[in-house]
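Chains, contacts and geometry: an overview
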Number of protein chains: 2
Amino acid sequence: MDHSQTGTSHSDSLLFLTDEQLRKGIEAMFFAYRGFTADPDRILEGMDYGRAHHRALHFIHRSPGTTVNNLLAILGVTKQSLNRVLRSLIEDGLVESRVGRADKRERHLHLTPKGAELERSLSDAQRARMRAAFRAAGPGAVQGFRHVLEAMMDESARKQYLSLKENSP
Amino acid sequence: MDHSQTGTSHSDSLLFLTDEQLRKGIEAMFFAYRGFTADPDRILEGMDYGRAHHRALHFIHRSPGTTVNNLLAILGVTKQSLNRVLRSLIEDGLVESRVGRADKRERHLHLTPKGAELERSLSDAQRARMRAAFRAAGPGAVQGFRHVLEAMMDESARKQYLSLKENSP
DNA sequence: TTGGAAAGTCAACAAGGCTGACTTAAAACC
DNA sequence: GGTTTTAAGTCAGCCTTGTTGACTTTCCAA
């Protein structure tokens, strides 16, 4: 489980990973995630919304007509937690909840024009940062980035990630 | 700012990044970060500690003798927020706070054996996941992963990240 | 000797998680 | 047709972790 020779980091031939390298990876995740959320957070502060609203808007935009249960599974939060967020978005006219045609118990969620507008301003900011990072790192790095992140996910999250439509890696 | 031809993703020659590729990157960050924190969170649940305590333990372990102000800057939270966490760790005997020798206003933070033990169990879990992800993705991917994350950080965070000691990428 | 930095503390508040209990409507089952 | 299950929504209360603002103590340094 440990190599007991921490510190020296030279050529890592496939299986030799020092604790130092792993720790750097861990810290990279920590600092990068802060940057990842910084721009949308800045836009949202002052509004009545937060990161949770952003996530809901993102996945509704991305899978229009998704049901509440679906969204619950993707976001990995409780019904009560999501409901609080969803209720305010619906009341404020950013999200529309339509009774299901086939199954009238279900509610299908869509962004209104107003909701789409906020979603776009949030995702524009986030995409701009991602684009800058991808360009700075180069095309090869993008593949590596995606591969490592994918391997880091829980099995169930990976399935959800891969099954989100238009997936052509 | 936008290419207006979303969807098709074939060879991306250095500067051509579709919104689709960027969105996949964004979602990869979201799902992967959940996996990244899942194991330590599982260990901590049931104890009186949470993710904030984990972060404090991590950076104290990594930079023994660091001052409170230093830690504040790295974690990016307020003094009051950190103090609450630090107080419980000190009271429970996981962290020792030593008055500075040169400057007696400063407190230098160290892990006690008990604190080091918890830190190790948390970081063992997190490293195991990182190691598995790195192995699954291969050595080239690890470089790409680090490069993209580094480029995604805010300028100030990147400086902190790079200046944390024993940095030999 | 005085100004300011480092640390610590109290109080109050907000976001966003959680559990538990319960309702309503509609589908599915037998 | 009656029962059970499922999807959604709600109320109440709790926890963690972040925030501001105000204030104290200590002590270095100009």
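Below or above, wherever it landed, is the structure these notes cover.

The rules behind the values
Residues numbered from 1 in each chain as written. Chains lettered and ligands numbered in written order. Predicted model: local features only at pLDDT ≥ 70, side-chain atom pairs only at ≥ 80, totals over all residues. Helix = DSSP H or I, 4+ residues; strand = E, 2+ residues; numbered from the N terminus. Buried ≥ 20, exposed ≤ 12 C-beta atoms within 10 Å, placed from the backbone. Contact = placed C-beta atoms within 7 Å. Near = placed C-beta within 6 Å. Least-squares fit on C-alpha atoms with pLDDT ≥ 70 in both. Nonpolar A, V, L, I, M, F, W, Y, C, P; charged D, E, K, R; others polar. Pairing = 2+ DSSP bridges.

Our focus in this paragraph is the overall build of chain A. Looking only at helices and strands, chain A has 7 helices and 3 strands in total. Along chain A, helices (α) and strands (β) appear in the sequence α-α-β-α-α-β-β-α-α-α when read from the amino end. Among the 169 residues that make up chain A, the fraction classed as buried is 34%. Across chain A, the fraction of contacts at a sequence separation of at least 24, relative to all contacts at a separation of at least 6, is 45%.

Neighbouring DNA strand D are 23 residues; Asn69(A), Gly50(B), Ala52(B), Thr78(B) and Ser81(B) lie closest to it. Of all the secondary-structure elements, those providing two or more residues to the surface near DNA strand D are helix 3 (68-75) and helix 4 (79-91) of chain A together with helix 2 (51-62) and helix 4 (79-91) of chain B. The greatest single-element share of the surface near DNA strand D, amounting to 4 residues, is contributed by helix 4 of chain A.

This paragraph deals with the relation of the copies chain B and chain A. Mapping chain B onto chain A is achieved by rotating through 180 degrees and translating by 0.0 Å along the same axis, at an RMSD of 0.1 Å. Taken together, the rotation and translation describe the operation of a two-fold axis. Taking the C-alpha atom as reference, chain B places Phe145(B) closest to the rotation axis, 1.9 Å from it. In this assembly the copies share their binding face: 100% of the residues contributing to the interface of chain B also contribute to that of chain A.

Facing 54 residues of chain B, the contacting portion of chain A comprises 54 residues. Counting only elements with at least two residues in the side of chain B that touches chain A, the list comes to helix 1 (19-44), helix 5 (113-137), helix 6 (139-152) and helix 7 (155-163) of chain B. Ranked by residue count, the leading element in the side of chain B that touches chain A is helix 1 of chain B, at 15 residues. When the residues that make up the side of chain B that touches chain A are grouped by side-chain class, the tally is 30 nonpolar, 11 polar and 13 charged.

Residue and element names in this part refer to chain B. The 3 strands lie next to each other as 1-3-2, forming an open sheet whose pairing is antiparallel. The sheet is open, and its two edges are formed by strand 1 (66-67) and strand 2 (95-99), each paired on a single side. When strand 2 meets strand 3 (residues 107-111), the two strands line up antiparallel, connected through 5 bridges. Considered in strand 3, the bridge of Val95 is made with Leu111.

A few words now on the protein's contact with DNA strand C. Taken together, 23 residues sit near DNA strand C, with Gly50(A), Val77(A), Thr78(A), Thr67(B) and Asn69(B) positioned nearest. The set of elements that each furnish at least two residues to the surface near DNA strand C consists of helix 2 (51-62) and helix 4 of chain A together with helix 3 (68-75) and helix 4 of chain B. With 4 residues, the single largest contributor to the surface near DNA strand C is helix 4 of chain B.

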